[in-house]
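Topology and contacts: notes
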Amino acid sequence: DVKQRHAGVSMQHRKIAILVTVLTVVFLIAAFGRLYSRVIQRSPLPVGRHHHDVSNHSAPPASRREPRITSQVADGVKRFVFFVGYARSGHSIVAALMDAHPNMVVAHEFNIFQALVGDDGSTRPRFADKREIYKALLQRSRRSLQGEGIRVTDSKGYTLSVDGLWQGNFKDLKVIGDKAGGKTVQVYLKTPLKMRDAYERLKRTVGVPLTVLHVVRNPFDIVATGALYKASPAFREKLNISLSNKLDNENDLTAKANQCFRQASNVSSMIKELKLDVMEIHHEEFVANPREVLLKICGKLGVDCPEEYLRVCEEKVYQSPTNTRNLVVWTPTLHAYMTENMKKFPFFKNYQY
């Protein structure tokens, strides 16, 4: 009996020892996994429901950690971009697709020059170095995807988020910047001298070439879209705007026309005074052939343009531009005013009603 009891105790001890060994192995495996995930810093989270294989640029599984702006990553950036333009010109979709590229981060409405100039117009050293600027832009890009930025652009639920690509993340960061076209022009309008100082300071801080994307659209559509958006969504839905039931509001259209041409004048002055390196993008051309325009953008910025990236972006863009000019009533006086002012700007010269 004593031997049997000893044998039973020994068996229990062996079982406990085996259990302890198994738990130890499991713990070590989990600990190693956590350590490994910390080492992998440059594998981003895919955006959206579908995983698109972008050759060797494809977004990795969601279990990987978001990349960070280390000193090495910041030193690898080769170009800084920002936008100038007009509200309702279509630059948001251009920036969103650039942000989806594995080598680019383009923040949505961060307004880098307002951050540098300050609300009171007095230039302030908000960022200690380029790494702080890049970290702020990356954070803004990610927060835009989480709902803070303007990702939904119409009442039908069209969103600027691109499934499966690299928005809010990156693989090998080469280009970084900010999309705040109209706001950038407003900063220049309010404080041109401070804007010039902020621009020169930004160039010195980042230490790479600055490229400006100027997105242009038919002014008749810019003005009409602005007037339509000024009406509340409920009003637009109630009005059921169509070709047979147009918005008739000359005052709002005139105000938007004045705003458009004032911004165009400021863009022209800003480009000339700051000697900006400008790439002009026409909204209608972009919508008609997004592949070709994205290839030009990538070529200008010095990054590859993977085929699958182009395919996914093509699917995101409407097949034809929305000619909102046909949804409002133009009086003869306002029509003539638009036509005459468009002649003053080279980037509007090929447009007509």
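None of these values were measured; they are calculated from a predicted model.

1. Points about the pairing of strand E3 (residues 175-179)
Among the 5 residues in E3, 5 count as buried, and that is most of the element. Because side chains alternate across E3, one face comprises the buried residues Val175, Gly177 and Lys179, and the other comprises Ile176 and Asp178, equally buried. As defined by bridge partners, strand E1 (residues 79-84) adjoins E3 across 4 bridges and the pair is classed as parallel. Looking at E3, one finds that Arg79 is bridged to Val175. Two strands pair when backbone bridges link them, and strand E2 (residues 104-108) and E3 are joined in this way by 5 bridges, in the parallel orientation. When the sheet's bridge partners are listed, Met104 is paired in E3 with Val175.

2. Side note on the sheet that holds strand E4 (residues 210-216)
With respect to topology, 5 strands assemble into an open sheet ordered E2-E3-E1-E4-E5, the strand pairing being parallel. With one partner strand each, in any of the chains shown, E2 and strand E5 (278-282) form the two edges of the open sheet. Shown here is a sheet whose adjacent strand axes are inclined to one another by a mean of 20 degrees, direction ignored. Along the sheet face, helix H3 (residues 91-99) touches E1, E2, E3, E4 and E5 and points at about 145 degrees away from the line of E2. Against the sheet, helix H7 (residues 192-206) engages E1 and E4, with an angle of about 130 degrees to E4.

3. Observations concerning the pattern of salt bridges
Scanning the model with the defined rule gives 17 salt bridges in all. The residue Glu273 makes a salt bridge to Arg196 at a minimum N-O spacing of 2.4 Å. In this pair, Glu273 sits in helix H10 (residues 250-274) while Arg196 sits in helix H7, placing the two residues 77 residues apart along the sequence. Its relative accessible area of 36% is what places Arg196 among the partly exposed residues. Note that Arg291 and Glu307 form a salt bridge whose closest N and O atoms lie 2.9 Å from each other. You can see Arg291 sitting in helix H12 (residues 290-301) and its partner Glu307 sitting in helix H13 (residues 307-316), a full 16 residues away along the chain. Because the salt bridges share partners, they merge into one network encompassing Arg79, Asp277 and Lys300.

4. Looking at the packing of H12 against H13
Where H12 contacts H13, the two axes come as close as 9 Å, and the packing angle between them is 130 degrees. In terms of orientation, H12 and H13 fall into the oblique class. For the pair H12 and H13, the sense of crossing is right-handed. Residues Pro290, Arg291, Leu294 and Leu295 of H12 form the contact with H13, whose own contacting residues are Glu307, Tyr309, Leu310, Arg311, Cys313 and Glu314. In terms of residue class, the contact of H12 with H13 is built from 6 nonpolar, no polar and 4 charged.

What counts, and at which threshold
- Residues numbered from 1 in each chain as written.
- Predicted model: local features only at pLDDT ≥ 70, side-chain atom pairs only at ≥ 80, totals over all residues.
- Heavy atoms only, no water.
- Buried < 20%, exposed > 50% of the residue type's maximum accessible area, 1.4 Å probe, protein only.
- Helix = DSSP H or I, 4+ residues; strand = E, 2+ residues; numbered from the N terminus.
- Pairing = 2+ DSSP bridges.
- Axes fitted to C-alpha atoms, helices over the stretch in contact; angles between N-to-C directions.
- Contact = heavy atoms within 4.5 Å.
- Salt bridge = Lys/Arg side-chain N within 4 Å of Asp/Glu carboxyl O.
- Parallel < 35°, antiparallel > 145°, perpendicular 65-115°, else oblique.
- Left-handed = near helix turned anticlockwise from the far one by under 90°.
- Nonpolar A, V, L, I, M, F, W, Y, C, P; charged D, E, K, R; others polar.

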